Amino acid sequence: MRLSRYFLPVLKENPAEAQIVSHRLMLRAGMIKQSAAGIYSWLPLGLKVLKNIETIVHEEQAKAGHLAMLMPTIQSADLWRESGRYDDYGEEMLRIKDRHGRDMLFTPTAEELITDIFRGHVTSYKDMPLTMYQIQWKFRDERRPRFGVMRGREFYMKDGYNFDLTKEDAMHAYNRHLVSYLRTYERMGLQAIPMRADSGPIGGDDTHEFLVLAETGESEVFYDSAVTDLTFGDRDINYDDKAQCQSIMEEFTTKYARTDETHDEALFAEVPQVRRKVARGIEVGQIFYFGTKYSEAMGATVQDGDGKQVPVHMGSHGIGVSRLVGAIIEASHDDKGIIWPEGVTPFHCGIVNLKQGYAEADAACEDLYHQLTKAGLEPLYDDRNERAGGKFATMDLIGLPWRLTVGPRGLKNGVVELTCRKTGESEELTPQAAIAKVIAQYN
């Protein structure tokens with residue numbers, strides 16, 4: 001992509017309405033534009049990051065054996081009355097009527113809808129276990145939407161649902177999700193700590209939230225600092241191996257880590273004092289086991305091996321895809337702008353032409369652009385007739401991990417400048433060596 005042909009409405013000044021770093025930088029970098037309170041249009045740069053995160057989520061869900069589907073954003077209120085949640089959910093649910101006066105609602109979550117799909121098609125334990133998920137827009141009418149996409153009313157979310165014959169099988173699904181989420185977040189350059197949490201309106205006794213530590217986090221969290229030393233890494237996982245998934249779950253959840261709703265001061269006191277930490281955290285996902293809460297209420301039963309009709313055991317598992325964009329920025333930025341991890345960056349590399357119109361510089365930039373593209377990468381070429389300082393400021397603001405700078409002086413010596421956004425370090429390399437180094441970062 002050439003910046004002269006791209007839509008990137010960057011702002012020089014900090015917007016007055018933006019209270020936290022991610023909101024401020026997303027507006028300044030031309031990633032989003034507010035449409036109404038807590039509702040945003042995703043502009044081209046923001047959409048690219050959103051889709052990169054979505055792709056990682058899809059890939060890790062597929063590895064865990066989960067099936068993608070898509071449900072509507074508008075649901076019938078009748079299903080929610082059947083489960084007993086229609087009146088209980090509160091004012092966050094946007095209730096509407098269609099032209100025939102039927103009660104409808106804009107989806108805040110989809111346990112009822114997926115249970116209705118399951119009960120209409122699955123009758124035997126032989127068709128289980130089954131886990132399906134979607135990535136879809138949701139709406140919750142927050143009283144005070146704030147912090148940009150971190151706490152908006154409309155949000156993009158992965159919500160998955162497992163159906164199992166027994167609690168043991170359902171807890172394996174729970175562990176399987178925990179493992180897949182650890183892989184998912186690390187691929188995004190995040191350390192998301194699973195913490196014992198409150199189930200809220202979803203229900204159930206077993207639930208963990210995944211939180212990214214950040215000063216602007218909405219939740220107060222209490223944890224043993226030893227949990228921050230845990231990394232998932234490049235493990236070979238067999239998601240059908242119950243013992244392996246259970247072992248990883250225990251590894252990442254045994255040490256004390258809880259949100260303020262479930263904090264236990266007595267248990268926390270057992271942690272060595274030097275490792276007791278209190279901080280703020282951003283929730284980026286949550287997993288639940290809620291047993292037969294919905295299946296009993298809605299008649300989602302199957303015939304077991306003895307020929308008896310039994311309610312299925314269920315759980316749900318969410319990842320805030322749009323919220324993750326903000327969380328990554330909160331965790332990775334400096335005073336110049338965003339610093340994207342390689343896994344989610346909108347473009348793999350930026351190319352800055354210091355003297356647009358100078359034949360040798362133009363030709364060198366075109367060659368870099370085509371060679372990177374040929375290698376399967378997406379560079380962003382700043383070919384605008386702007387001052388060098390303005391070009392550098394834009395690149396720093398939008399946070400691409402690598403920048404190639406081309407100018408007449410360097411070309412006379414046969415080199416271009418390669419800069420790492422994260423460290424700020426630059427080195428002069430031949431164009432071929434610079435290209436090879438950039439390609440190596442993504443292979």
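These remarks concern the structure in this document. (Residues numbered from 1 in each chain as written. Predicted model: local features only at pLDDT ≥ 70, side-chain atom pairs only at ≥ 80, totals over all residues. Heavy atoms only, no water.)

**Here's the deal with unusual backbone geometry**
A cis amide bond links methionine 128 with the next residue in sequence, proline 129, at an omega value of 5°. With respect to the element layout, proline 129 can be found in the loop between α4 (111-121) and β7 (130-139). Although it is not a glycine, phenylalanine 147 adopts a positive phi angle of roughly 65°. Relative to the assigned elements, phenylalanine 147 resides in the loop between β7 and β8 (154-164). Using a relative accessible area of 17% as the deciding quantity, one classes phenylalanine 147 as buried. (Helix = DSSP H or I, 4+ residues; strand = E, 2+ residues; numbered from the N terminus. Buried < 20%, exposed > 50% of the residue type's maximum accessible area, 1.4 Å probe, protein only.)

**Quick look at the sheet that holds strand β6 (residues 103-106)**
Across the sheet, three strands lie side by side as β4-β6-β5; this open sheet has antiparallel pairing. Unpaired on one side and paired on the other, β4 (74-76) and β5 (94-97) mark the two borders of the sheet. Neighbour-to-neighbour, the strand axes of this sheet turn through a mean angle of 40°, independent of strand direction. (Pairing = 2+ DSSP bridges. Axes fitted to C-alpha atoms, helices over the stretch in contact; angles between N-to-C directions.)

**Quick look at the packing of aromatic side chains**
All chains considered together, the criterion is met by 13 aromatic pairs. An angle of 40° between the planes, with centres 6.4 Å apart, marks the rings of phenylalanine 232 and phenylalanine 252 as tilted. Of this pair, phenylalanine 232 sits in the loop between β11 (219-224) and α6 (242-253) while phenylalanine 252 sits in helix α6, and the two are 20 residues apart along the sequence. By the burial criterion, phenylalanine 232 is buried, and phenylalanine 252 matches it. With centroids separated by 5.1 Å and ring planes inclined at 40°, the aromatic side chains of tyrosine 256 and phenylalanine 268 adopt a geometry described as tilted. (Phe/Tyr/Trp six-rings, centres within 6.5 Å; stacked < 30°, edge-to-face > 60°.)

**Comments concerning the sheet that holds strand β23 (residues 426-429)**
The strand order across the open sheet built from five strands is β20-β19-β21-β22-β23, with neighbouring strands paired in mixed fashion. The sheet terminates laterally at β20 (379-382) and β23, the two strands that pair on one side only. Strand-to-strand, the axes of this sheet are offset by a mean angle of 20°, without reference to chain direction. Pairing geometry for strand β22 (residues 416-420) and β23, over four bridges, is antiparallel. From the neighbouring strand, glutamate 417 faces β23, where its bridge partner is glutamate 428. Sheet strands touched by helix α10 (residues 359-374): β19 (349-353), β20, β21 (402-406) and β22. Its angle to β19, the strand with the most contacts, is close to 170°. Along the sheet, helix α11 (residues 388-398) contacts β19, β20 and β21; its crossing angle with β19, the most-contacted strand, is approximately 170°. (Contact = heavy atoms within 4.5 Å.)

**So, helix α9 (residues 321-331)**
Among the eleven residues of α9, ten are classified as buried, and the element is accordingly described as predominantly covered. Those residues of α9 that sit buried are Val321, Ser322, Arg323, Leu324, Val325, Gly326, Ala327, Ile328, Ile329 and Glu330.

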